[in-house]
Amino acid sequence: MDNAALRQSWGQFSAAGPEAAKYFYATLFVVAPEARSMFPTNMQYQEDKLLAALGHIITSLDDPEALAVFAQRLGADHRRFHGQDQRGNPVVLGERHYIWVGQALLATLERFLGPYFTPALRAQWAAAYELVAKLMLDGAAEAERTSPPHWEAEVLTAERRRADIVVFTVRPNYLCAYRPGQSLPVQVPQLRTWRYLSPANAPRADGTIEFHVRATGRFSTHLVRRLRAGEPLLLGHPTGTALASYDRVPQSPLLLIAGGTGLAPLRAVAEAVQQGAGRRTTLVVGGRTPDDLYDEPALSRLAAMPAVGGNGGGAGWLRYVPTVESGWGWRGAVGRAGDTALRLGPWEDTEILVCGSPEMTRETVTMLVRSGVEPERILTESYDHSRYPPLAEAAAGAGAARDFSWTGAR
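Here the residue index of a chain counts from 1 through its sequence in written order. Thresholds applied to this predicted model are a pLDDT of at least 70 for local features of residues and 80 or more for the giving and counting of side-chain atom pairs; totals over whole chains, interfaces and linings are not thresholded and use all residues. Side-chain metrics rest on all non-hydrogen atoms present in the structure, leaving aside hydrogens and water.

We now examine the sheet that holds strand β9 (residues 254-259). Two strands qualify as a pair provided that DSSP identifies no fewer than 2 bridges between them. Helix and strand labels come from DSSP, where a helix needs a run of H or I of at least four residues and a strand needs a run of E of at least two; each type is numbered from the N terminus. Strand order across the open sheet formed by six strands is β12-β11-β10-β9-β13-β14, with parallel pairing between neighbours. Every other strand in the sheet has two partners, leaving β12 (333-334) and β14 (378-380) as the edge strands with one partner each.

Moving on, we get to the side chain of Thr350. Locating Thr350 in the fold gives a position in the loop between α10 (337-344) and β13 (351-355). Here the term buried applies to any residue with accessible area under 20% of the maximum for its type, exposed to any over 50%, and partly exposed to those in between, with areas from a 1.4 Å probe on protein chains only. We classify Thr350 as buried; its relative accessible area is 3%. Two residues qualify as a contact provided that any one of their heavy atoms is within 4.5 Å of a heavy atom in the partner residue. Beyond its immediate chain neighbours, meaning those up to four positions away, Thr350 contacts Pro253, Leu254, Leu255 and Arg377.

Here the focus is a positive patch on the surface. A cluster of like positive charges, contributed by Arg192, Arg218, Arg225 and Arg226, occupies part of the molecular surface. Mapped onto the elements of the fold, Arg226 is located in helix α7 (residues 218-226). In this structure Arg226 comes out as exposed when scored by relative accessible area, which is 55%. Think of a patch as exposed residues, more than 30% relative accessible area, with no salt bridge, where like charges cluster within 9 Å and nonpolar side chains (Val, Leu, Ile, Met, Phe, Trp, Tyr) cluster within 5 Å. Areas reported here follow the Shrake-Rupley algorithm with a probe of radius 1.4 Å; residue values treat only the protein chains shown as occluding. Here, a salt bridge means any side-chain nitrogen of Lys or Arg that lies within 4 Å of a carboxyl oxygen of Asp or Glu. Charge assignment in this entry is limited to Lys and Arg as positive and Asp and Glu as negative, and neither His nor the chain termini are counted. Taken as the charge location is NZ of Lys, CZ of Arg, CG of Asp or CD of Glu.

Moving on: empty space enclosed by the protein. Here a cavity means grid points, on a 1 Å grid over the protein atoms only, where a 1.4 Å probe fits yet cannot get out; a pocket means an open set of points with protein on both sides within 12 Å along at least five of seven lines; lining residues are those with an atom within 4 Å of a point. Grid points are joined across faces, edges and corners, and a volume is the space filled by probe spheres set on the points. Counted by the stated rule, this structure contains one cavity of 30 Å³ or more. The volume enclosed by the largest cavity comes to roughly 60 Å³. Along its surface, the largest cavity is lined by Gly260, Leu263, Val285, Gly286, Asp292, Leu293, Tyr294, Asp295, Glu296, Leu299 and Tyr320. Those elements that provide at least two residues to the lining of the largest cavity are β10 (281-287) and α9 (296-304). In this count, Pro and Cys sit with the nonpolar residues alongside Ala, Val, Leu, Ile, Met, Phe, Trp and Tyr, while Asp, Glu, Lys and Arg are called charged and the others, Gly among them, polar. A per-class count over the lining of the largest cavity returns six nonpolar, two polar and three charged.

Attention now moves to the environment of Arg319. Summarising the element assignment, Arg319 is placed in strand β11 (residues 318-324). On the accessibility criterion, Arg319 (37% relative accessible area) is partly exposed. Sequence spacing of Arg319 and Asp247 is 72 residues, and the spatial spacing of their C-alpha atoms is 18 Å. The residues touching Arg319, leaving out its near neighbours within four places in the chain, are Thr281, Thr282, Leu283, Leu344 and Trp347. Under this definition, polar contacts are N or O atom pairs within 3.5 Å; protein pairs additionally need one hydrogen-donor-capable and one acceptor-capable atom, and for neighbouring residues in sequence, both atoms have to be side-chain atoms. A polar contact is formed between the side chain of Arg319 and the side chain of Thr282, at a distance of 3.2 Å.

The next subject is the side chain of Arg79. Its place among the elements puts Arg79 in the loop between α4 (64-77) and β1 (82-84). Side-chain polar atoms of Arg79 contact the backbone oxygen of Pro148, separated by 3.2 Å. Only 3.0 Å separates the side chain of Arg79 from the side chain of His237, close enough to count as a polar contact. Not counting the four nearest positions on each side in its chain, Arg79 is found in contact with Ala140, Ala143, Glu144, Ser147, Pro148, Pro149 and His237.

Let us now look at the layout of surface pockets. Estimates place the volume of the second largest pocket at around 230 Å³. Along the walls of the second largest pocket sit Arg73, Ala76, Asp77, Arg79, Ala143, Ser147, Trp151, Ala177, His237 and Pro238, which together make up its complete lining. Across the lining of the second largest pocket, the residue classes tally to five nonpolar, two polar and three charged.

Ring pairs shown here join Phe, Tyr and Trp side chains whose ring centres sit within 6.5 Å, with only the six-membered ring taken for Trp; geometry is labelled stacked below 30 degrees between planes, edge-to-face above 60, and tilted in between. Enumeration according to the criterion identifies eight aromatic pairs in this entry. Here the aromatic rings of Tyr25 and Phe39 are separated by 5.3 Å at their centres, their planes lie at 70 degrees, and the arrangement is edge-to-face. One end of the pair, Tyr25, is in helix α2 (residues 18-31); the other, Phe39, is in the loop between α2 and α3 (44-59), with 14 residues separating them in the sequence. Per residue, the accessibility class of Tyr25 equals that of Phe39, and both read buried.

This part takes up helix α6 (residues 119-144). Helices are assigned an expected span. That span is 1.5 Å times one less than the residue count. Helix length check: α6, at 26 residues, gives a terminal C-alpha distance of 37 Å against a target of 38 Å (1.5 Å per residue), a fit within 8%. Buried within α6 we find Leu121, Trp125, Ala128, Tyr129, Val132, Ala133, Leu135, Met136, Gly139, Ala140 and Ala143.

Since the α-helix turns once every 3.6 residues, residues separated by three or four places project in the same direction. All of the buried residues in α10 are Ala337, Gly338, Thr340 and Ala341. Around the axis of α10, the buried residues are gathered within 160 degrees of arc, so they sit on the same side. In this structure, the buried residues of α10 make contact with β9, β10, β11, β12 and α11 (358-370). Directions are taken from the helix axis to each C-beta atom, and the arc is the one they span.

Any two side chains of opposite charge can pair, given that their charged atoms come close. This structure, assessed with the given rule, holds 25 salt bridges. Here Arg145 ties to Glu142 by a salt bridge, and the two come within 2.3 Å at their closest N and O atoms. By relative accessible area, which is 45% here, Glu142 ends up partly exposed. Asp291 is paired through a salt bridge with Arg162; the nearest N and O atoms lie 3.8 Å apart. Residue Asp291 is located in the loop between β10 and α9, and its partner Arg162 is located in strand β3 (residues 151-162); the two are separated by 129 residues in the primary sequence. Look at Arg162 and you get buried, because its relative accessible area is 17%. One connected set of salt bridges, linked through shared partners, spans Glu159, Arg161, Arg204, Glu210, Arg267, Glu271 and Asp295.

See below:
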C-alpha cells in the first residue's frame, strides 16, 4: 500500500469533518437499512468516533503491529453491537456489515475527494480497508472463543440516594470478569445507546456488580428516574488500563482522590486493597456540600474493616477523609478534594489515582504536579461518552496517559 498517498488523501478528506461522517452514515443506512438499528438515535458522538478511529488507523499504517492490535481490539469490541432487520428479526454484526461499511466508505471518499479520488487511489483505500476489516474480523473470531459478545444482566436493586443519583446492582447471566478501576459499556435496550460505567465494587463471588450514576444526559437521567428492579440491561467487555494499574507498585502507599460518582472505580480499588494485604491507603472524597457524599455509610464501613491479608495490613489500612467546600455544622475537612489531599501530604513515593468530572480531574492533577508530585505517579481515566475507549487506550500505549499538558501544569 502507498501509505503516503493514503495519509495525504486522509488529510484532504478529514477537512470535511462532520459533514463527511454524516454522509458516510447516510450512505451506509441506504445500503444496509438494518444497520440503522445498531446505532443510537442521536448520531453526533458516533460521527466523532468514526473520524477519530479512521484517523488513528491511517496514522498507524507504518506500524503494522500497533495497527493489528488496535483493529483486532476494535473487532472484538464491535461484537456487542446488534439490531433488527426491517421485519423485526434480531441481527448481529457479521461479515456482510463489513462489506457494506467498505462500500459506504469508498462512496464517501469519492464524494469528498472528487477528482483527487483516482482509480489508483481508490484501489489503495480498498486494499487498506480490506486489511483492517480482516484484522477486525480476526479479532472478533478470536474473542468469540473465550467470551460472549455481551452479558445480559438483571437489575436487582435501584436506590436513589439523591434526586440526581442512583446506586444500582445488577446480576449478569454469567460471570463478567473485570479489574477494579475498569469500566463496562452498559446499554438500556430501548435507548440503543452504550455508555461506560465503572463498577463500584471489587469482583464478588456472586458476580453482582454495583454502579453509581448521576443524571447528566439522556442515558444517565433515564437510569436515575426510571430504572427499577427486574429490568434488563446489557453489559459489554471491560475497558480501561490506567486506574486498573493501581497495583503496579504494590509496596508504595496509595492515594485515591474522588469527586462525585468518580468515586465508583476508586471504591472498587479500595475494596480490592482491603481484600488483599491491606496496602496503606488514603481515600479523599470531595463534594460541594455534605449532601454530595452520597456513599458515606458504605465508605465508613469499609474504613472500619480490617484487611484480609497480612504484611502489616490489618486494621487501620485505610484513612478515609470526606471533605466539602461548605457545610453548616460540618465537622470534617473543608475544601476541594485536591486541596485536602495536599494538606494530608507529602506524597513522595505514593501512587495517586484521581477520578471525577473533567474539571475536577484537571484541577486536582494541576495541584498535585505543581506541588512536586511526579506525573508518572498519577493515574487518571476518562469515560466521556464522546470518546471511544479503545482509542484512549491506544493513545495511552503510546505514552499519552502521563501527558498532563492539558492541565496547564508546568
